[in-house]
Amino acid sequence: MSNVTRYLRVQDGLSDWVGMVIAWLTLGMIGVLLIEVVARYLLNSPTIWGHELATMFFGALSILAGSYTLRHHGHVRSDVIYGLLPPRVRAFCDLVVFGLGTAVLVIFFNMAVEFAYDSWQMGEFSNRSVWRPPLWPIKSTIAIAVGLLILQSLAEMVRAALRLTGVAYDDPRDDQAGDAI
């Protein structure tokens, strides 16, 4: 197994693992909402934390899913035009798009780290409810998610560069049936 294949396998594995772990946030969010509905409508005693915690779960789930979604080609792309292009032109387009996207993500990552750091420093709490949960965990999630998206984008750039230059490599995606490219 080449170093490139090993790298792609590790990076794809990380994105898949994160995707499987955060999928459990969906159950957590459903559980919190179920407790809130039962407390509010059956017991006539709504919680002070249910809605805000479910919102935090949803935010974390949405942003952390980015690298998993990219790994499985789930982001929006104009496939009608893209599919008509020759393979090398597609590879060039991918290289440009992932290169520009990664540059933007690096800027966003720096901002997200500063955003989370400031929240940690001041011990920031939410003012949206009486519950007042700490905000640094959810703000830290933004930086983690952007970092994971940068890593997966780099793997996609490696794939595009190899396809563009005509270098043969074993793509770990080819090992998995059902992955649409």
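Our subject is the structure that appears above.
To start, this report covers the structure provided alongside it. (Residues numbered from 1 in each chain as written. Predicted model: local features only at pLDDT ≥ 70, side-chain atom pairs only at ≥ 80, totals over all residues. Heavy atoms only, no water.)

### Let's talk about the overall build of the chain
No. 1: Along the backbone of the chain there are 5 helices and 0 strands.
No. 2: The order of helices and strands in the chain, counted from the N terminus, is α-α-α-α-α.
No. 3: A globule of 181 residues ought to have a C-alpha radius of gyration of about 16 Å, yet the chain, at 20 Å, is considerably larger.
No. 4: The dimensions of the chain, computed from C-alpha atoms along their principal axes, are 65 × 35 × 35 Å.
No. 5: Burial status across the chain gives 32% buried among its 181 residues. (Helix = DSSP H or I, 4+ residues; strand = E, 2+ residues; numbered from the N terminus. Rg over C-alpha atoms; globule rule 2.2 N^0.38 Å. Buried < 20%, exposed > 50% of the residue type's maximum accessible area, 1.4 Å probe, protein only.)

### Things to note about the pattern of salt bridges
No. 1: A complete count under the given rule lists 8 salt bridges for this structure.
No. 2: The partner of Asp94 in a salt bridge is Arg163, with the nearest N and O atoms 2.6 Å apart. Taken as a pair, Asp94 in helix H4 (residues 87-122) and Arg163 in helix H5 (residues 136-165) lie far apart in primary sequence, 69 residues in all.
No. 3: Of the residues examined, Asp94 reaches a relative accessible area of 8% and is grouped as buried.
No. 4: Salt-bridge contacts for Arg159 lead to Asp171; the nearest nitrogen and oxygen are separated by 3.1 Å. Residue Arg159 is found in helix H5, and its partner Asp171 is found in the segment after H5; the two are separated by 12 residues along the sequence. For the pair Arg159 and Asp171, a shared accessibility class is recorded, and that class is buried. (Salt bridge = Lys/Arg side-chain N within 4 Å of Asp/Glu carboxyl O.)

### Re the packing of aromatic side chains
No. 1: Across all of its chains, the model carries 1 aromatic pair by this definition.
No. 2: Across the ring face of Tyr82, the terminal group of Arg90 is positioned such that the distance to the ring centre comes to 5.9 Å. (Phe/Tyr/Trp six-rings, centres within 6.5 Å; stacked < 30°, edge-to-face > 60°. Lys NZ or Arg CZ within 6 Å of the ring centre and 35° of its normal.)

### Observations regarding helix H1 (residues 3-42)
No. 1: Relative to the 58 Å expected for 40 residues at 1.5 Å per residue, H1 spans 58 Å between its end C-alpha atoms, a close match to the ideal helical length.
No. 2: Immediately downstream of H1, the backbone of Asn44 shows phi near 55°, a positive value. (Expected span 1.5 Å × (residues − 1).)

### Overview of the environment of Thr102
No. 1: Looking at the secondary structure, you find Thr102 in helix H4.
No. 2: On the accessibility criterion, Thr102 (8% relative accessible area) is buried.
No. 3: Considered as a pair, Thr102 and Ser15 are 87 residues apart in the sequence and their alpha carbons are 16 Å apart.
No. 4: With near-sequence residues (within four places) excluded, Thr102 lies in contact with Ile150, Ser153, Leu154 and Met157.
No. 5: Among the polar contacts made by the side chain of Thr102, one reaches the main-chain carbonyl oxygen of Phe98 at a distance of 2.6 Å. (Contact = heavy atoms within 4.5 Å. Polar contact = N/O pair within 3.5 Å; in protein donor to acceptor, adjacent residues only side chain to side chain.)

### A look at the nonpolar core
No. 1: One finds Val18, Ile22, Ala60, Leu64, Ala65, Ala145 and Leu148 forming the largest nonpolar core, which totals 7 residues.
No. 2: Those elements that place two or more of their residues in this core are H1, helix H2 (50-71) and H5.
No. 3: If you tally residues by element for this core, the top one is H2, at 3 residues.
No. 4: Discounting residues that sit within four places of it in the chain, Leu148 has contacts with Gln11, Leu14, Val18, Leu64 and Ser67.
No. 5: Leu70, Leu105, Leu149 and Ile150 belong to the second largest nonpolar core, which has 6 residues in total. (Core = buried A, V, L, I, M, F, W, Y, C linked by side-chain atoms within 4.5 Å.)

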